[in-house]
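If you want the building blocks of each chain, they are given just below.
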Amino acid sequence: MKKLIAFILSVVSVVITAFALVGCTNNETLEDGEFYTVTQAYEKGYLTREQVMSIAYYYNNGRKGNENVMSKNYTPLPMVPERLSKTTDQAMKDSFYSSEYWEQYKINHTKEEIWFNYFGTYGNTVASIVNVGNNLIEYNNWEEKIEDITLYYWNNQRILIWIKISNLKNEIGENGFYTVAEAYWLGYITREDLMSIAYYHNCGRSGNEEVMGEDYKPLPKTPEKLSVETEVAVKQSYFDGHLIDKDLDYLEKLLGKKLEINVNEYDGTYNGCVAVMMSDNYSGFLTIVQTIEIDGIKFYYGNSNQIKIWKK
């Protein structure tokens, strides 16, 4: 550990913007257990592109129809757990039963008739097709496109994404990091904070002119630079979450270089929370253009790396 800390102190980071996470109420309130379409979940930032690809792979039974985005060697994210636990299954049934989707079933069916075709758990989201009894299937071939990833449906059913909001503080934020969307759900950042982060990350108002007027000014970056102490703590958290289980000696010999952990963006610190983009020289990112929208505010990325929120 001492060697790692000493090494981290020697790494020169590129200055970025970090923002503050302030406890407050979001404009969008999510109940405990909400269902969304895959498109909605992706656009709200609840699913990453990689997760959508995995869902498509499992549902479509392979790469067929998505060969342009899934190479021959493509491997989806593991389906962990392999099946729904009884607790999650029941919670999803309760959510579906109290949702608007139940309206079409409530006259002729009971909650006990709800069952799921499961396509994986991704963070706090679960992908499934919801069935009620012996569903009346209407055969109809159609497609759901999420950017350049396609889900091929053959009837009136579609994959729904269930997200559990309660106990998020215990289920996400591993090693101190949250996605921007997670931090917003939990009330650590306000919509004003989101706008400031987007402004600094996107290098201005571009893409968000509708929510940022011509006179818009983001919250100030405070402090302007990460302290050495905070930078070391952030990098240690990154190491614990991404690299601690890797054979670093083997990777050093294989790649011919020592490990470097970098803070590639820093946008300010607020109320003990820091927004950063990070990387290491043993890992890589997919070269893809991403637009993540959270409550009407857009974040633009040139690869699969995204802003993370580190909370002390």
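See the structure printed just above.
Residues numbered from 1 in each chain as written. Predicted model: local features only at pLDDT ≥ 70, side-chain atom pairs only at ≥ 80, totals over all residues. Heavy atoms only, no water.

1. Some words on the sheet that holds strand β2 (residues 114-122)
Here is step 1 of the chain: Strand order in the open sheet formed by four strands is β1-β6-β3-β2, and the pairing between neighbours is antiparallel. In this open sheet, the two edge strands, each paired with only one partner strand, are β1 (34-37) and β2. Taken over all neighbouring pairs, the strand axes of this sheet differ in orientation by 35 degrees on average, direction set aside.
Here is step 2 of the chain: Pairing between β2 and strand β3 (residues 125-132): seven bridges, direction antiparallel. Bridge pairing in β3 links F116 to V130.
Here is step 3 of the chain: The strands touched by helix α3 (residues 49-59) within the sheet are β2, β3 and β6 (160-163), with β2 carrying the most contacts at an inclination of about 135 degrees.
Here is step 4 of the chain: Across the sheet, helix α4 (residues 86-97) is in contact with β1, β2, β3 and β6; its angle to β2 comes to roughly 115 degrees. (Pairing = 2+ DSSP bridges. Helix = DSSP H or I, 4+ residues; strand = E, 2+ residues; numbered from the N terminus. Axes fitted to C-alpha atoms, helices over the stretch in contact; angles between N-to-C directions. Contact = heavy atoms within 4.5 Å.)

2. Overview of unusual backbone geometry
Here is step 1 of the chain: Here V80 and P81 are connected by a cis peptide whose omega angle stands at 0 degrees.
Here is step 2 of the chain: One can find P81 in the loop between α3 and α4.
Here is step 3 of the chain: Omega for the bond connecting T222 with P223 falls within 30 degrees of zero, at -10 degrees, which places this linkage in the cis form.
Here is step 4 of the chain: Take P223: it is sitting in the loop between α7 (191-201) and α8 (228-242).
Here is step 5 of the chain: Residue E147 is not a glycine yet carries a positive backbone phi of 55 degrees.
Here is step 6 of the chain: In this fold, E147 is placed in the loop between β4 (139-146) and β5 (149-155).
Here is step 7 of the chain: Look at E147 and you get partly exposed, because its relative accessible area is 37%.
Here is step 8 of the chain: A positive phi is found at C203, a non-glycine position, where the angle reads about 60 degrees.
Here is step 9 of the chain: Topologically, C203 is positioned in the loop between α7 and α8.
Here is step 10 of the chain: Looking at C203, the relative accessible area reads 72%, which means it is exposed. (Buried < 20%, exposed > 50% of the residue type's maximum accessible area, 1.4 Å probe, protein only.)

Without other data, these values stay purely geometric and don't point to any function.
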